[in-house]
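A look at the structure
These are the residues of each chain, in order.
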Amino acid sequence: MSATPNKNVEGKSPVREEMGGYRMHLMLCAGTGCVSGGSYKIKDALEHELAKYKLRDEVTVVMTGCNGFCAQGPVMVVQPDEIFYQRLSEKDIPHLVEEHMLKGRPVKKLMYTPPAEKTAVPKMSEIGFFKKQRLLALRNRGLIDPEVIEEYIARDGYKALAKVLTEMKPEEVVQEMIASGLRGRGGGGFPTGVKWKACREAPGEPKYIVCNADEGDPGAYMDRSIIEGDPHSVLEGMAIAAYAIGSSKGYIYIRHEYPLALERLKKAITDAHEYGLLGKNIFDRGFDFDVTIHQGAGAFVCGEETGLIASLEGRVGEPRPKYVFPAEKGLYGKPTVINNVETYVNVPAIIQRGSEWFTTIGTGDVTDNPWGGSKGTKVFSLVGKVHNTGLVEVPMGITLREIIFDIGGGIPNGKKFKAVQTGGPSGGVIPESLLDLPVDFDQLIKVGSMMGSGGMIVMDEDDCMVDIARYFIDFLSSESCGKCTPCREGLTQMSSILNDICEGKAEEGTMELLGELAYTMKDCSLCALGGTAPNPVLSTLRYFRDEYEAHVQDKKCPAGVCKDLITYYIDAEKCNGCMLCARECPQNAIEGERKEPHKIQTDLCIKCGICRDVCNQDAVFVR
Amino acid sequence: MPKLKIEDLDKIVEQQKKTTSLRDGAGRVKITVHMGTCGISAGARKIMAEVMRCVEESGASDIIVTTSGCAGLCSREPMITVEVIEQAPVKYVELDEKKVKKIFDEHVMKGNVVEDYALAIGSERTS
């Protein structure tokens, strides 16, 4: 990646660039997932091969942000024909360039073949994963080089900022946001316009704009991908917010763990400055706005807005009670708007196309009540036991079934769907019976989960719900800041109770105790982290009580996960005595003669599961 | 870089038009150069270069140039197919650079099919 702004990428012919005369653009994904899969090596290989056939003046390689279909990475889309290549490696490139770029014959074996089908699908728009998505926040995904500001402007970037500065009073911008019904995408779902209005009207100068890019939920990476793929849209959204509330200073609080997003953001800020899109007197309209990046040190609680403000001020990242909202007293005690990355990128789209258009997408009615529905789209990171893991953007109101089965392609290895976890550690699990639930802020809360920032973890029959609850509680227990007792002690106790259940040491009445503890934490914790922390326990108790009962009463783990409650056996009828498991067993716990059924010595077995993994006959089972 | 004025945004949009329309796959005309082994050995690369030169010279931003494999009529290569939006595609055969230039000026820019070089109008049935 070049460090200097707006130089042509090395090797591109500047003349050609000026004339825009490439016949073919190879849109290679440079999101974190694909980069770790070798995108930059593939780029070098492509350029080398293109040079070999003297095609460098005709065909260009463009490094884009995350394409979303991370499961199949590294991915590349060939335009103008929209041919989608996946799982590329360096060694595929010589053949690909010779066949497709030189001879014009798209290479079938590098295209995507949906599970359970035999023929490859050449075009991106025909692939199920992309077909049902609706891109607003990710409107530029895969279509621009995030490091070239002109490409953002070419897709009408910064026009919404120009529009508000020339045609709209700040109050009108606030009103437009209220009318759009946009609600905070970071998880809380607070109406964005209402927050802006409160901040605009709050006394105190200066006012601040903060972008929360401290995405901490396990398995969630929406914000990272947005910043990596389209950093200018974040800056533009923040600038519009600043104009609306009367601020001239913005901060982006980004996780330390996001180096690529950080680098692209820095470059975007530098380039925007050079073009005068940040800084003093933007578009000569007397509006100043500047953005500073602040790197977080990786505490989950700093995603909570008051914790974030404390950290931004250089204090320990601890939340405070919100009797007074940050909109009135936020950063340095001044009125502050804090919104999430995804919220900001929606702003330019709403300004340009109007709130009325925005309200046609989504659920409910927000005409008189900003809480009356969920408008627009939501980006989810779809992960776990699902074929097409990746980043998806869908209209609010789509069902979980459509997301998991139509877009996600269902559950791999012929397993059965069990539950989906939404909202990260503060959310809950949703069982199969609720798969047709329309996804929006209020519906998810009704069933005991929440939208959260958009993590969506799919689980199959091999996942133990008690173990899942334990995982999230352990995560939260180590991330609790410890300031208030219900959260700090509650999580520690919960973790120890759940450990007892998983180890078969729990007694009658344990589930009631868990429930009581959960409600105490919900009611008495200081911030949202503690207040929502019991959700994984409450939702699993609600929908999978039978699994808890099996652990507590029968000392069994039905999913075969909790080691203390299971024993490995070999089915003597299926075992053909190949000796593979005996050789691989790290404990030498498997005995038996060649061609004779084997047996596991349970006193030596450490339940690592290697025997089950290596068995070709499916003869190892758990009970 | 100079500080941008609001009008400059549209200038950049205009400058980048070729890029955006190519990536959106939205062009007024699509020119396909047939580049099978037969096409290449008959000189399709030169034809491609000439097509690209013509596009650049015209300054048009709504023309998409793409390639495809052998069109099945190897003896009459090099070939191109010109497809104006919402019109039947036209295949041109036995081309050289001069013919390409003429096809470009007449058919692509003005919409008049150059019948002298055309093989046929329409595509083969594929189903």
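Conventions and cut-offs
Residues numbered from 1 in each chain as written. Chains lettered and ligands numbered in written order. Predicted model: local features only at pLDDT ≥ 70, side-chain atom pairs only at ≥ 80, totals over all residues. Helix = DSSP H or I, 4+ residues; strand = E, 2+ residues; numbered from the N terminus. Rg over C-alpha atoms; globule rule 2.2 N^0.38 Å. Contact = placed C-beta atoms within 7 Å. Core = buried A, V, L, I, M, F, W, Y, C linked by C-beta atoms within 7 Å. Buried ≥ 20, exposed ≤ 12 C-beta atoms within 10 Å, placed from the backbone. Nonpolar A, V, L, I, M, F, W, Y, C, P; charged D, E, K, R; others polar. Pairing = 2+ DSSP bridges. Axes fitted to C-alpha atoms, helices over the stretch in contact; angles between N-to-C directions. Parallel < 35°, antiparallel > 145°, perpendicular 65-115°, else oblique. Arc of directions from axis to C-beta. pLDDT = per-residue confidence, 0-100. Left-handed = near helix turned anticlockwise from the far one by under 90°.

Looking now at the overall build of chain A. Summing up its helical and strand segments, chain A has 25 helices and 20 strands in all. Compactness check: chain A gives a C-alpha radius of gyration of 27 Å against a globular reference of 25 Å for 623 residues, within 12% of the reference. Each of the three principal axes of chain A carries a C-alpha extent, and together these read 85 × 65 × 40 Å. Long-range contacts, defined here as pairs at least 24 residues apart, represent 71% of the contacts in chain A between residues at least 6 apart.

Right, let's talk about the nonpolar core for a bit. Judged by nonpolar contacts, the single largest core of 216 residues is most densely connected at Ile240(A), Ala241(A) and Val51(B). A per-element tally of this core places helix H11 (residues 231-245) of chain A first, with ten residues. Residues in contact with Ala241(A), not counting those within four places in the same chain, are Trp196(A), Ile209(A), Val337(A), Asn339(A), Tyr344(A) and Val347(A). Counting residues in each nonpolar core, the second largest holds twelve residues, with Cys575(A), Cys581(A), Ala589(A) and Cys611(A) among its members.

With that out of the way, let us pick up the interface of chain B and chain A. At the junction of the two partners, chain B supplies 28 residues and chain A supplies 32 residues. Per-class residue counts for the side of chain B that touches chain A are 13 nonpolar, ten polar and five charged.

Before going further, it helps to examine the sheet that holds strand S15 (residues 428-431) of chain A. Residues and elements named next belong to chain A. Spatially, five strands are ordered S13-S12-S16-S14-S15 in an open sheet, and the strand pairing comes out mixed. The strands lining the two open edges of the sheet, one partner per strand, are strand S13 (390-395) and S15. Across the sheet, the mean angle separating the axes of adjacent strands is 30 degrees when strand polarity is ignored. Sheet analysis places strand S12 (residues 377-384) next to strand S16 (residues 455-460), joined by four bridges and oriented parallel. Bridging from a neighbouring strand, Ser 381 pairs with Gly 455 of S16.

The next point concerns the pairing of strand S5 (residues 208-213) of chain A. Residues and elements named next belong to chain A. Most of S5 sits inside the fold, with six of its six residues counted as buried. Of the two faces of S5, both are covered, the one formed by Tyr 208, Val 210 and Asn 212 as well as the one formed by Ile 209, Cys 211 and Ala 213. Sheet topology note: the S5/strand S9 (residues 336-340) ladder contains five bridges and is parallel. Directly across from Cys 211, in S9, lies its bridge partner Asn 339. Where S5 meets strand S6 (residues 249-255), six bridges bridge the pair, whose relative direction is parallel. Its bridge partner lying in S6, Ala 213 is registered against Ile 254.

A few words on the pairing of strand S3 (residues 80-84) of chain B. Residues and elements named next belong to chain B. Here strand S1 (residues 29-34) runs beside S3; their pairing, made up of five bridges, is antiparallel. Looking at the pairing, Lys 30 lines up with Glu 83 of S3. Where S3 and strand S4 (residues 90-92) come together, three bridges link them in antiparallel fashion. Paired with Ile 80 across the two strands is Tyr 92, which belongs to S4.

Residues and elements named next belong to chain A. One can describe the packing of helix H10 (residues 222-229) onto helix H14 (residues 341-353) by two numbers: an axis separation of 9 Å at closest approach and a directional angle of 45 degrees. Comparing their axes, H14 and H10 come out oblique. The residues of H14 that touch H10, namely those facing Met 222, Asp 223, Ile 226 and Ile 227, are Val 341, Glu 342 and Val 345. Residues belonging to the contact of H10 with H14 are distributed by class as follows: five nonpolar, no polar and two charged.

Okay, helix H23 (residues 545-552) of chain A next. Note on helix geometry: an α-helix contains 3.6 residues per turn, so any two residues three or four positions apart are oriented the same way. Residues and elements named next belong to chain A. Among all positions of H23, only Glu 547, Tyr 548, His 551 and Val 552 are buried. Viewed end-on, H23 has its buried residues packed into an arc of 130 degrees, placing them on one side of the element. Exposed positions of H23 whose direction lies more than 90 degrees from the buried face are Arg 545 and Asp 546. As for H23, its buried residues are in contact with helix H18 (465-479), helix H19 (485-503), helix H20 (510-524) and helix H22 (535-543).

Bringing H22(A) into the picture now. Burial within H22(A) is extensive, with eight of its nine residues counted as buried. The inward-facing, buried residues of H22(A) abut S15, H18, H19, H20, helix H21 (528-532) and H23 of chain A.

What follows is about the sheet that holds S9(A). Hydrogen bonding along the main chain pairs the strands of a sheet, whether they run parallel or antiparallel. All names here are of chain A. In spatial order, the strands read S7-S8-S6-S5-S9; together these five strands make up an open sheet with mixed pairing. Strands at the two margins of the open sheet, each flanked by one partner only, are strand S7 (279-282) and S9. The mean inter-strand angle of the sheet, taken between neighbouring strand axes irrespective of direction, is 25 degrees. Examined bridge by bridge, S7 and strand S8 (residues 287-296) share two bridges and lie antiparallel to one another. Bridge pairing in S8 links Ile 282 to Phe 287. Contacts from helix H12 (residues 259-274) reach S6, S7 and S8, with the element oriented near 160 degrees to S6.

Right, let's get into unusual backbone geometry. Residue and element names in this part refer to chain A. In this model, Gly 73 is joined to Pro 74 through a cis peptide bond whose omega is -10 degrees. Within the secondary structure, Pro 74 sits in the loop between strand S2 (59-64) and strand S3 (76-79). Residue Pro 80 is reached from Gln 79 by a cis peptide bond, and omega for that bond is 15 degrees. Phi at Lys 54 takes a positive value of approximately 55 degrees, unusual for a residue other than glycine.

Moving on: the environment of Glu97(B). Residue and element names in this part refer to chain B. With respect to the element layout, Glu 97 can be found in helix H5 (residues 97-110). Residue classification places Glu 97 among the partly exposed residues on the basis of 15 C-beta atoms within 10 Å. Along the primary structure Glu 97 and Met 48 are separated by 49 residues, whereas in three dimensions their C-alpha atoms are 9.2 Å apart.

What follows deals with the confidence of the model for chain A. Residue and element names in this part refer to chain A. Summarising the model, chain A shows a mean pLDDT of 91, and 97% of its residues fall at 70 or more. Averaged over each element, pLDDT in chain A is lowest for helix H1 (residues 14-19) (41) and highest for H11 (98). Segment residues 1-19: pLDDT under 50, and 23 contacts once partners within four positions in sequence are set aside and those in other chains are kept.

Further remarks concern the packing of helix H8 (residues 170-180) of chain A against H11(A). Residue and element names in this part refer to chain A. Between H8 and H11, the least distance of the axes is 7 Å, while the angle of their chain directions is 120 degrees. With respect to their mutual orientation, H8 and H11 come out oblique. Seen along the crossing, H8 lies across H11 with a hand that is left-handed. For the pair H8 and H11, contact is made by Pro 170, Val 173 and Val 174 and by Ile 240, Tyr 243 and Ala 244, respectively. Its residues placed into classes, the contact of H8 with H11 shows six nonpolar, no polar and no charged.

This part takes up the environment of Ile606(A). Residue position: Ile606(A) is located in the loop between strand S19 (599-600) and helix H25 (610-614). Remark: the alpha-carbon pair of Ile606(A) and Cys585(A), spanning 21 residues in sequence, is separated by 9.7 Å.

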